[in-house]
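Understanding the architecture of this molecule
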Amino acid sequence: SQTIHQWPATLVQPVGSPLSLECTVEGTSNPNLYWYRQAAGRGLQLLFYSVGIGQISSEVPQNLSASRPQDRQFILSSKKLLLSDSGFYLCAWSVPAGTQYFGPGTRLTVL
Amino acid sequence: EDQVTQSPEALRLQEGESSSLNCSYTVSGLRGLFWYRQDPGKGPEFLFTLYSAGEEKEKERLKATLTKKESFLHITAPKPEDSATYLCAVLQETSGSRLTFGEGTQLTVNP
């Protein structure tokens, strides 16, 4: 069966510091991968998605970036965090146009 | 632009009190409608996918239905463990694999 992992689970970072969140998927090949952000009490905002290694589509302009160095690895990064980057970050995978399955999430607090 | 609206924003029920959650959508060419359950601090958990008007799916106390304009998530004789936020999302024919999410309905079931 497929499993999706995210780490860290929680992170507290100062404004202006760098960020790296990692997501890995097990049990499937060539998945579509997604990064979402969820503000408190709100729905999910799609940030990036990838259909293959090195292929990244950005949905929302911001100071975040994403990379996919391996088939089942998806990384969310920032060079300098802003207060507004605080939130709950979720990674998901799917087969093309299929159901998306979510990871456990990372709670990021920028102080 | 695709729109997904969920109502009510919050719902409080007594244990055993059946009710329905609504997800109305405006998309050109629906490819699929998805329901997820999200517990606080966790990633969304997939419940159902509906593909065409008239389709229904059931799981324990939950039943999802779909029309050409909306979907309902019916909860029969809910228990406190059904308390969660329920998210609805749509996949449009020309959006690739990108989902559009509603803001969710926060359900609380009191014992």
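Quick notes on the rules
- Residues numbered from 1 in each chain as written.
- Chains lettered and ligands numbered in written order.
- Predicted model: local features only at pLDDT ≥ 70, side-chain atom pairs only at ≥ 80, totals over all residues.
- Heavy atoms only, no water.
- Helix = DSSP H or I, 4+ residues; strand = E, 2+ residues; numbered from the N terminus.
- Buried < 20%, exposed > 50% of the residue type's maximum accessible area, 1.4 Å probe, protein only.
- Contact = heavy atoms within 4.5 Å.
- 1 Å grid on protein atoms, 1.4 Å probe; cavity = no way out; pocket = protein on both sides within 12 Å on 5 of 7 lines; lining within 4 Å.
- Points joined across faces, edges and corners; volume = space filled by probe spheres on them.
- Nonpolar A, V, L, I, M, F, W, Y, C, P; charged D, E, K, R; others polar.
- Phe/Tyr/Trp six-rings, centres within 6.5 Å; stacked < 30°, edge-to-face > 60°.
- Pairing = 2+ DSSP bridges.
- Axes fitted to C-alpha atoms, helices over the stretch in contact; angles between N-to-C directions.
- Core = buried A, V, L, I, M, F, W, Y, C linked by side-chain atoms within 4.5 Å.
- Disulfide = S-S within 2.5 Å.

1. A short note on the environment of Tyr34 of chain A
Assignment of secondary structure puts Tyr34 of chain A in strand 4 (residues 32–38). The exposure class of Tyr34 of chain A is buried, given its relative accessible area of 0%. In this structure the C-alpha to C-alpha distance between Tyr34 of chain A and Thr3 of chain A, which are 31 residues apart in sequence, comes to 15 Å. Apart from residues no more than four positions distant in its own chain, Tyr34 of chain A is found in contact with Leu46, Phe48, Tyr49, Phe74, Leu90, Cys91, Ala92, Trp93, Ser94 and Gln100 of chain A together with Ser97 of chain B.

2. Points about the layout of surface pockets
Counted as a void, the largest pocket has a volume near 500 Å³. Every residue lining the largest pocket is counted, 24 residues in all, and those nearest its centre are Gln38, Gly41 and Arg42 of chain A together with Thr85 and Gln106 of chain B. Only strand 1 (3–7), strand 9 (84–92) and strand 11 (105–110) of chain B provide two or more residues apiece to the lining of the largest pocket. Counting residues per element, the lining of the largest pocket draws most heavily on strand 11 of chain B, at 4 residues. A per-class count over the lining of the largest pocket returns 7 nonpolar, 12 polar and 5 charged. When its volume is computed, the second largest pocket comes out at roughly 310 Å³. Lining the second largest pocket we find 14 residues, and of these Leu46 and Glu59 of chain A together with Leu99, Thr100 and Phe101 of chain B sit closest to its centre. Those elements giving two or more residues to the lining of the second largest pocket turn out to be strand 5 (44–52) of chain A together with strand 10 (99–101) of chain B.

3. Quick look at the packing of aromatic side chains
Taken as a whole, this structure holds 11 aromatic pairs over all chains when the rule is applied. Joined through ring pairs, the aromatic side chains of Tyr34, Tyr36, Tyr49, Trp93, Tyr101 and Phe102 of chain A together with Tyr36, Phe46 and Phe101 of chain B make up one cluster.

4. A short note on the sheet that holds strand 8 (residues 73–78) of chain A
Backbone-to-backbone hydrogen bonds join strands into a sheet, with any given pair of strands oriented parallel or antiparallel. Residue and element names in this part refer to chain A. Taken in spatial order, the 4 strands make up an open sheet running 1-3-8-7, and their pairing is antiparallel. The open sheet has two edge strands with one neighbour each: strand 1 (3–7) and strand 7 (64–70). Averaged over all neighbouring strand pairs, the angle between strand axes comes to 20 degrees, with direction disregarded. Sheet topology note: the strand 3 (residues 19–26)/strand 8 ladder contains 6 bridges and is antiparallel.

5. Quick look at the nonpolar core
Judged by nonpolar contacts, the single largest core of 23 residues is most densely connected at Leu33, Trp35, Leu73 and Tyr86 of chain B. Only strand 2 (10–14), strand 3 (19–26), strand 4 (30–38), strand 5 (45–50), strand 7 (62–66), strand 8 (70–75), strand 9 and strand 11 of chain B provide two or more residues apiece to this core. Sort the elements by how many residues they give to this core and strand 9 of chain B lands first, with 4 residues. With 20 residues, the next largest nonpolar core counts Leu19, Leu64, Ala66 and Leu76 of chain A among its residues.

6. Examining the state of the cysteines
Taken as a whole, this structure holds 2 disulfides over all chains when the rule is applied. Note on cysteine connectivity: Cys23 of chain A is disulfide-linked to Cys91 of chain A, with sulfurs 2.0 Å apart. For the disulfide bridge between Cys23 of chain A and Cys91 of chain A, the dihedral angle about the S-S bond is near -75 degrees, and by the sign convention the bridge is left-handed. Taken together, the positions of Cys23 of chain A in strand 3 and Cys91 of chain A in strand 9 (residues 87–94) put the pair 68 residues apart, joining distant regions of the chain. When sorted by exposure, Cys23 of chain A lands in the same class as Cys91 of chain A, which is buried. Bridging Cys23 of chain B to Cys88 of chain B, the disulfide has an S-S length of 1.9 Å. Between Cys23 of chain B and Cys88 of chain B, the S-S dihedral sits near -55 degrees, and the bridge is therefore left-handed. Of this pair, Cys23 of chain B sits in strand 3 while Cys88 of chain B sits in strand 9, and the two are 65 residues apart along the sequence.

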